[in-house]
Amino acid sequence: MAQYHLDYYATLEVTPQASDDEIKRSYRKLALKYHPDRNQGNKKAEEKIREINAAYEVLGDPETRKSYERLRFGGYGRKSDFAEEPTETIDPGIVLEAMEKKLWEEGRLEIFRKMMHDLALVKQELANIREATVAKLGYDKFHEETVKRYAKDAIAGIVTPEMEERKERLLDVALNMMLSQGVDGRGGPEGADWVTRQLAAAFHRGRVDGYCEACELLYVRR
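This structure is a prediction, so every number in the text was calculated from the model and none was measured. (Residues numbered from 1 in each chain as written. Predicted model: local features only at pLDDT ≥ 70, side-chain atom pairs only at ≥ 80, totals over all residues. Heavy atoms only, no water.)

(A) Representation of the overall build of the chain within the structure. When helices and strands are tallied, the chain shows nine helices and zero strands. Overall, the chain shows an N-to-C arrangement of helices and strands of α-α-α-α-α-α-α-α-α. Counting only residues that meet the buried cut, the chain has 41% of its 222 residues in that class. The long-range share in the chain, meaning contacts at least 24 apart out of those at least 6 apart in sequence, stands at 76%. (Helix = DSSP H or I, 4+ residues; strand = E, 2+ residues; numbered from the N terminus. Buried < 20%, exposed > 50% of the residue type's maximum accessible area, 1.4 Å probe, protein only. Contact = heavy atoms within 4.5 Å.)

Set out below in structure tokens:
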């Protein structure tokens, strides 16, 4: 099965360096070319116009374009300029796993960096964790299970509204990318909700792991 990631830039026949105006002009040209009124009964044109609209929905907005750039899969399945679509069946599991890994990393780095810029916060978290660990085990150590349990509540107080907005943009773009590649769970709205939950869970796991890493980095056993 092909390990392939749909390239929205290739769909709109522009390069990743294209300006916003270039993307808009190319979209208008392609939308006119594949418009249903000009291609009545043409199934390929119907599919193409859906792909074009999906790509422009992401790349046509500067903020969602930034999110897309963060979620592109590096060298994973990228195709050269305007290559033909692959004929092999895409493995939805591989595509979803790759996206979950990317979102996990985004969540991990977000919290880790936030905490490293507020060492007083980390020290306070460590004090709370140490107290809970001693109460549970009878001695002081970095007990990952206890830290992760603390992380779930602590993260809510660390995350800012701006961080939540960024997360929601990333998840929205990630969902769009998954659905465009056939990763839709059981299909329909229910399937889309399932995919959204998987992506959100991956991001949250990253936040928890980032919290644990920050605490472990500054932990000193007493």
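Don't stop here, the text continues.
(B) Spatial organisation of a nonpolar patch on the surface. Together, L119, L217 and L218 make up a nonpolar patch on the protein surface, roughly 250 Å² of accessible area in all. Here L119 shows up in helix α6 (residues 119-137). (Patch = residues over 30% accessible without salt bridge, like charges linked within 9 Å, V, L, I, M, F, W, Y side chains within 5 Å. Areas by Shrake-Rupley, 256 points an atom, 1.4 Å probe, with all protein chains shown as cover. Salt bridge = Lys/Arg side-chain N within 4 Å of Asp/Glu carboxyl O.)

(C) Region of the structure containing helix α2 (residues 20-33). In this model, α2 (14 residues) spans 20 Å end to end at C-alpha, consistent with the 20 Å of a helix rising 1.5 Å per residue. Tucked into the core, α2 has its buried residues touching α1 (8-11), α3 (43-59) and α4 (62-71). (Expected span 1.5 Å × (residues − 1).)

(D) Molecular detail of the pattern of salt bridges. Summed over all chains, the structure comprises 15 salt bridges. When the shortest N-O distance is used, the salt bridge between R169 and E63 registers 3.9 Å. Placement of the pair is R169 in helix α8 (residues 161-180) and E63 in helix α4, with a sequence separation of 106 residues. Residue E63 is classed as partly exposed on the basis of its relative accessible area of 35%. In this structure, the salt-bridge partner of D209 is K148, at a minimum N-O distance of 3.7 Å. Taken together, the residues span a long stretch of sequence, with D209 in helix α9 (residues 188-218) and K148 in helix α7 (residues 144-158) at a distance of 61 residues.

(E) Local environment of the nonpolar core. Membership of the largest hydrophobic core comes to 34 residues, with the highest contact counts inside it found for L12, L103, M178 and L199. Secondary-structure elements contributing two or more residues to this core are α1, α2, α3, α4, α5 (92-116), α8 and α9. Ranked by size, the runner-up nonpolar core spans 19 residues in total, among them M115, L126, I158 and C212. (Core = buried A, V, L, I, M, F, W, Y, C linked by side-chain atoms within 4.5 Å.)

(F) A look at the packing of aromatic side chains. Inspection of every chain in the model, using the stated rule, returns four aromatic pairs. Considering the side-chain rings of Y9 and Y68, the 5.9 Å spacing of their centres and the 55 degrees angle between planes classify their relative orientation as tilted. You can see Y9 sitting in helix α1 and its partner Y68 sitting in helix α4, a full 59 residues away along the chain. Residue classification places Y9 among the buried residues on the basis of a relative accessible area of 1%. Among the aromatic side chains, those forming a connected cluster through ring pairs are Y8, Y9 and Y68. (Phe/Tyr/Trp six-rings, centres within 6.5 Å; stacked < 30°, edge-to-face > 60°.)

(G) The arrangement of the side chain of E106 in detail. As for its position among the elements, E106 is in helix α5. With residues up to four places along the chain from it excluded, the contact list for E106 reads R70, R166, L170 and F203.

(H) Focus on the side chain of H143. Position of H143 among the secondary structure elements: in the loop between α6 and α7. If we skip the residues at most four places from it in the chain, H143 touches T133, K136 and L137.

(I) Main features of the environment of E168. Structurally, the position occupied by E168 is in helix α8. Once the C-alpha coordinates of E168 and A200 are considered, the two residues, 32 residues apart in sequence, prove to be 8.9 Å apart.

(J) Seen up close, α3. With 17 residues, α3 extends 24 Å between its outermost C-alpha atoms, agreeing within 8% with the 24 Å of an ideal straight helix rising 1.5 Å per residue. Regarding α3, the residues found buried are A45, I49, E51, I52, A54, A55, Y56, V58 and L59. In this structure, the buried residues of α3 make contact with α1, α2, α4 and α8. One side-chain oxygen of the residue at the start of α3 lies 3.0 Å from the amide nitrogen of K44, identifying that residue as N42. (Polar contact = N/O pair within 3.5 Å; in protein donor to acceptor, adjacent residues only side chain to side chain.)

Worth remembering: the numbers are spatial, not functional.
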